[in-house]
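# Analysis of the macromolecular model
Residues per chain are reported as follows:
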Amino acid sequence: MNNPKRVIALGFFDGVHLGHGALLRRVSEAAEVLGATPAAFTFDRHPGSAITGHPTPLLTSVEDRAGLMRRLYGIQEVIVAPFEAMQRMDWEDFVTDYLSRELGVVHVVAGHDFHFGYMGQGSPERLKAKCAQLGMGCDIIPPVTVEGRTVSSTYIRTLVAQGEMERSALFLGHPYTLTDTVSHGKKLGSTLGFPTVNLRFQPGVLVPARGVYATRVWFENGESRLAVTNVGVRPTVDENGEVNVEGYLLDFDGDLYGQRVRMEFFRHLRGEEKFPSLEALRREVEHNAQQTRDYFANLPQQ
């Protein structure tokens, strides 16, 4: 069976930030010139977590990683491989047998700090030399900086954990994103007069700082609505301590239960707070709704 020609980016791509974007843009450019499929290769789990045994909280689920690559950079195929298998593979075999023979790769794009194969022996320099031997193109992309700081998933995780969504978007190149299937909540939204979407972060994905956010929710049909979203334990109505993501949709009438939706976080409006009554909570949500409308009204190209 003949494989399609592929131009491929190599990396973990957690968050799909602007540094990753430099690789993915180069893939799309090369694929167009070569008449090949623009693709990305990533792992099912964070390499650091697998090596050290200490979980690294992720900015994105595998689904969100793939969705961002496709939506923002035109990547048509995202290959997700088990990290343990790649970790045991000789670095030369990875390039010669897996990339070239199995995947039909004709051009490789990697970051300046990408290491791969057994004991991380594959380096950008070795990758470039091996690709030259095999007649494959290879680009090694230097670091990308914003405001003099190298863009990194580590720094962005710190921003998200602190609720600094606008600054995280500056380094991501897009809003922090959560995709999930809408589940039934406790019908609090209908009590307050707002239809709601109840979502969950996937295990291992970083939960932003608790509090209320100005967000936008995208539906399966391509439409979107603004939302006031609470991330936390809902102290006014819930005593079990479980973290919930509950978005109060603005200017929407309907039921999204069972739909797959994408929520984008734009601004942290306030911290989590316990109110003396549902009426006091309703008034605050209405205030947050106006804050959200004002925020998006002043955003360019919204």
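Look a little higher up for the structure.
Reading the values: the criteria
Residues numbered from 1 in each chain as written. Predicted model: local features only at pLDDT ≥ 70, side-chain atom pairs only at ≥ 80, totals over all residues. Heavy atoms only, no water. Pairing = 2+ DSSP bridges. Helix = DSSP H or I, 4+ residues; strand = E, 2+ residues; numbered from the N terminus. Axes fitted to C-alpha atoms, helices over the stretch in contact; angles between N-to-C directions. Contact = heavy atoms within 4.5 Å. Buried < 20%, exposed > 50% of the residue type's maximum accessible area, 1.4 Å probe, protein only. Polar contact = N/O pair within 3.5 Å; in protein donor to acceptor, adjacent residues only side chain to side chain. Salt bridge = Lys/Arg side-chain N within 4 Å of Asp/Glu carboxyl O.

### Some remarks on the sheet that holds strand 8 (residues 176-181)
- Spatially, the six strands line up as an open sheet ordered 8-13-10-11-12-9, and their pairing is antiparallel. The open sheet has two edge strands with one neighbour each: strand 8 and strand 9 (196-199). The average undirected angle you get between the axes of adjacent strands in this sheet is 30°.
- Sheet topology places strand 11 (residues 224-232) next to strand 12 (residues 244-249); six bridges connect them, and they run antiparallel. Bridged to Asn-230 within strand 12 is Glu-246.
- Sitting on the sheet, helix 8 (residues 165-172) touches strand 8, strand 10 (211-218) and strand 13 (260-270), and the angle it makes with strand 13 is about 125°.

### A short note on the pairing of strand 13
- With eight of its eleven residues buried, strand 13 lies for the most part within the structure.
- Strand direction decides the pairing type here: strand 10 and strand 13, joined by seven bridges, are antiparallel. In the sheet register, Trp-218 faces strand 13, and the bridge partner there is Arg-262.

### Here we look at the side chain of Asn-288
- Structurally, Asn-288 can be placed in helix 10 (residues 278-297).
- By relative accessible area, Asn-288 is classed as buried at 1%.
- Separated by 2.8 Å, the side chains of Asn-288 and Gln-291 make a polar contact.
- Residues in contact with Asn-288, not counting those within four places in the same chain, are Val-212, Val-228, Leu-269 and Arg-270.

### Description of the sheet that holds strand 5 (residues 137-141)
- The five strands lie next to each other as 3-2-1-4-5, forming an open sheet whose pairing is parallel. This sheet does not close on itself; its edge strands, each paired only once, are strand 3 (77-81) and strand 5. On average, each strand axis in the sheet is inclined to that of its neighbour by 20°, with strand direction left out of account.
- Summarising the sheet, strand 1 (residues 6-10) and strand 4 (residues 105-111) pair through five bridges and their orientation is parallel. Bridge pairing links Arg-6 to Val-105 in strand 4.
- Contacts from helix 3 (residues 62-73) reach strand 2 (37-43) and strand 3, with the element oriented near 155° to strand 3.
- With respect to the sheet, helix 5 (residues 91-102) is in contact with strand 1, strand 2, strand 3 and strand 4, its orientation differing from that of strand 4 by roughly 125°.

### Digging into the pairing of strand 10
- In terms of burial, strand 10 is a largely internal element, seven of the eight residues being buried.
- With eight bridges connecting them, strand 10 and strand 11 associate as antiparallel partners. Bridge pairing links Ala-214 to Val-228 in strand 11.
- Hairpin connection between strand 10 and strand 11: a loop of five residues separates the two successive antiparallel strands, and Gly-222 in this loop has a positive phi of roughly 90°.

### A few points about the pattern of salt bridges
- Applying the stated criterion across every chain yields a total of 20 salt bridges.
- The salt bridge partner of Glu-29 is Arg-26, with a shortest N-O separation of 3.6 Å. Of this pair, Glu-29 and Arg-26 both sit in helix 1 (residues 18-34), three residues apart, roughly one helical turn.
- Relative accessible area serves as the criterion here: at 44%, Glu-29 is assigned to the partly exposed category.
- Between Arg-283 and Glu-279 there is a salt bridge, with its nearest N and O atoms 3.5 Å apart. In this pair, Arg-283 and Glu-279 are both assigned in helix 10, four residues apart and thus about one turn of the helix distant.
- When its relative accessible area of 48% is taken as the criterion, Arg-283 is described as partly exposed.
- Among the charged side chains, a salt-bridge network with shared partners connects Glu-63, Asp-180, Arg-200 and Arg-260.

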